[in-house]
Amino acid sequence: MSPDTSENTPGSPQRARRGTRGRIVMLVDNGVHGDSRVQKQASSAAAAGWDVILLGKLTGKEESDTWMIGDAEVRLIRVKSKMSTRPKDLRGAPLRRPLAYSSDRVADFRRQQVKAWRADLRVRGDALKAGEASSPLGPAAAKAWLTVPRVAAKATSRWVSLRTRETRKLRNIRRTRSAALDRATTAFWLTTMGERAWRRLDPGVWDFELAYGPVIDELKPDIIHANDFRMLGVGSRAKLRARAAGRKVQLVWDAHEFLPGVRSWANQRKLPAMVAYEREHAKYADAVMTVSGGLADLLQKSHKLRERPAVVLNAPDAAATSRFTDEPVPDIRGLCGIGPDVPLLVYSGLAARQRGLGIMVEGLPELPEAHVLFVASSPELPYVKELMARAEELGVADRVHALPYVPHWQVVPFLSGADVGVIPIHHWPNHEIALITKFFEYSHARLPLVVSDVKTMAEVTRETGQGEVFRAEDVTDYVRAVRAVLADPKRYTAAYEVEGRLDEWTWEAQAKVLDSVYTRLMQGAGDGRNP
């Protein structure tokens, strides 16, 4: 959940390979910066003696496309998004919106064209009125004659406006694929093609395959570690190509979420397409791992896995913050401009509406002494700006702050300067089944928690006594929980003094599970895991 650097500066010459246990090529569909799980996977595997190369997606914001995380090499690949736009989307759509133009560019051109026509007619009329123009018909007849094109231009303007509105509606239909015709064709392809239907419904995933595939083939890995569903397909195909060439390659699928339970994309074809994509490729995984026990059970059942996936929690690294750099940890309170006695409520992680951050702003009028801090990928995110605007409306803007991520090895000491760690997420299937990253980060920062009543986190919080649980999206109950924690914080932080409680919630413990999976695969025990 944080940017990464290391003692090896970006763009430095590639180091000699030190891993001797086998080559692992890790795949992720993002720019690596901000993904603490893959960063920790790469560095810990390399430290354990594996030759690790982590392939990510070049977003264009990076200072370099290669760098080191410990002894692991990161390479970013340029993915050309060519398959996301299908040829039929560039043409008209007579069955959906028969009056729409073929594109926004055509609509914009026609609007400007009519505006120019009407502007020209106005000038011609003004010239006649001022006596600056002559006509063989005479001034009166010329003015009367101008009435004809003016009426035509006005009628054309209305026609173009109508078609422009229809074009906007078509744009929304193309973006969401929500029209009745789209729903019918989606059902048709799912019925006729089954798990292969993604080829018709969301061919954009091919862009990852075409970009990553040749690089993986060239690297000749012993193990491919595919993070999440998009990379599962990329890794599966690389494995099949390698085995066809006579090379033994094992595939690890690291499932970060239960795909059927995620909040649907705006494009309503994407979720069923990606569920089909995941289902087609899951059978090629020689080992499966995931982020929680609940998700492991769901994956085993839905994909008919012979073994329950290994659970590798996205827990924080317990090593000293100087493990990667001597850079000092930023002062969270100094950055917010507040003193040590001001109650500070922090949320750290993905800033999205379904994460429920709005409740932290809505509750501030009832918590007159408290300040709220959002630690997100960027304070300039549209949703973060919405939160700040709402704080302005409520008159609490001076008590709401937004800061960017810190490197993942600084997260725990950085957050420890707050008073309460808040997890206000809404009820979504994937929110119910896991202890998410920030739960562990807040715990290691020894913060009392205020969490919504999503199943797994609420159960653990009540069991350990490390915080208060409130009803999701209920501002009154949220304020009640915050007040309880602020009134007696030691009652909740005492949970962290229980011997051994935090030991398993460390990346060091999870890295042992990760390494055991790799070791078993290299010994040949991973073949045939799935039917």
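As a starting point, this report considers the structure included with it.

Conventions adopted
- Residues numbered from 1 in each chain as written.
- Predicted model: local features only at pLDDT ≥ 70, side-chain atom pairs only at ≥ 80, totals over all residues.
- Heavy atoms only, no water.
- Buried < 20%, exposed > 50% of the residue type's maximum accessible area, 1.4 Å probe, protein only.
- Helix = DSSP H or I, 4+ residues; strand = E, 2+ residues; numbered from the N terminus.
- Pairing = 2+ DSSP bridges.
- Right-handed = clockwise from strand over helix to strand, strands pointing away.
- Axes fitted to C-alpha atoms, helices over the stretch in contact; angles between N-to-C directions.
- Left-handed = near helix turned anticlockwise from the far one by under 90°.
- Contact = heavy atoms within 4.5 Å.
- Polar contact = N/O pair within 3.5 Å; in protein donor to acceptor, adjacent residues only side chain to side chain.
- Salt bridge = Lys/Arg side-chain N within 4 Å of Asp/Glu carboxyl O.

Some points on the pairing of strand 2 (residues 51-57)
Burial analysis of strand 2 places 6 of its 7 residues in the buried class, which makes it a mostly covered element. Relative to strand 2, strand 1 (residues 23-27) runs parallel, the two sharing 5 bridges. The residue bridging R23 from the neighbouring strand is D51, located in strand 2. At this point the chain moves from strand 1, through helix 1 (residues 36-47), to the parallel strand 2, and the crossover so formed is right-handed. Pairing of strand 2 with strand 4 (residues 72-77), which is carried by 5 bridges, proceeds in the parallel orientation.

Some remarks on the packing of helix 7 (residues 228-244) against helix 8 (residues 270-282)
Running from N to C, helix 7 and helix 8 point in directions that differ by 35°, and their axes come no closer than 9 Å. The element helix 7 and its partner helix 8 pack so that their crossing is left-handed. Note on element contacts: helix 8 touches helix 7 through M274, Y277, E278, E280, H281 and A282, opposite F229, R230, L232, G233, V234, S236 and R237.

Some details on the sheet that holds strand 7 (residues 287-290)
One open sheet accounts for 8 strands, arranged 3-4-2-1-5-6-7-8; its pairing is mixed. Taken across any chain shown, the strands that pair with only one partner, and hence form the sheet edges, are strand 3 (66-69) and strand 8 (310-311). Summarising the sheet, strand 5 (residues 223-227) and strand 6 (residues 250-255) pair through 5 bridges and their orientation is parallel. Looking at strand 6, one finds that I223 is bridged to Q250.

What about the side chain of D286?
When you line up the elements, D286 lands in the loop between helix 8 and strand 7. There is a polar contact of 3.0 Å between the side chain of D286 and the side chain of K239.

Focus: the sheet that holds strand 11 (residues 400-404)
Spatially, the 6 strands line up as an open sheet ordered 11-10-9-12-13-14, and their pairing is parallel. Unpaired on one side and paired on the other, strand 11 and strand 14 (467-470) mark the two borders of the sheet. Direction aside, the axes of adjacent strands within the sheet are offset by 25° on average. Helix-sheet contacts for helix 12 (residues 382-394) involve strand 10 (371-376) and strand 11, and the interaxial angle to strand 11 is about 160°. Across the sheet, helix 17 (residues 475-487) touches strand 9 (344-348), strand 12 (420-423), strand 13 (449-452) and strand 14, and the angle it forms with strand 14 is around 170°.

Remarks on the pattern of salt bridges
Using the criterion set out here, one finds 25 salt bridges in the structure. Salt-bridge contacts for D29 lead to R230; the nearest nitrogen and oxygen are separated by 2.8 Å. Taken together, the residues D29 in the loop between strand 1 and helix 1 and R230 in helix 7 connect sequence positions 201 residues apart. The class of R230 is partly exposed, set by a relative accessible area of 23%. Between E366 and R483 there is a salt bridge, with the nearest N and O atoms lying 3.9 Å from each other. One end of the pair, E366, is in the loop between helix 11 (358-362) and strand 10; the other, R483, is in helix 17, with 117 residues separating them in the sequence.

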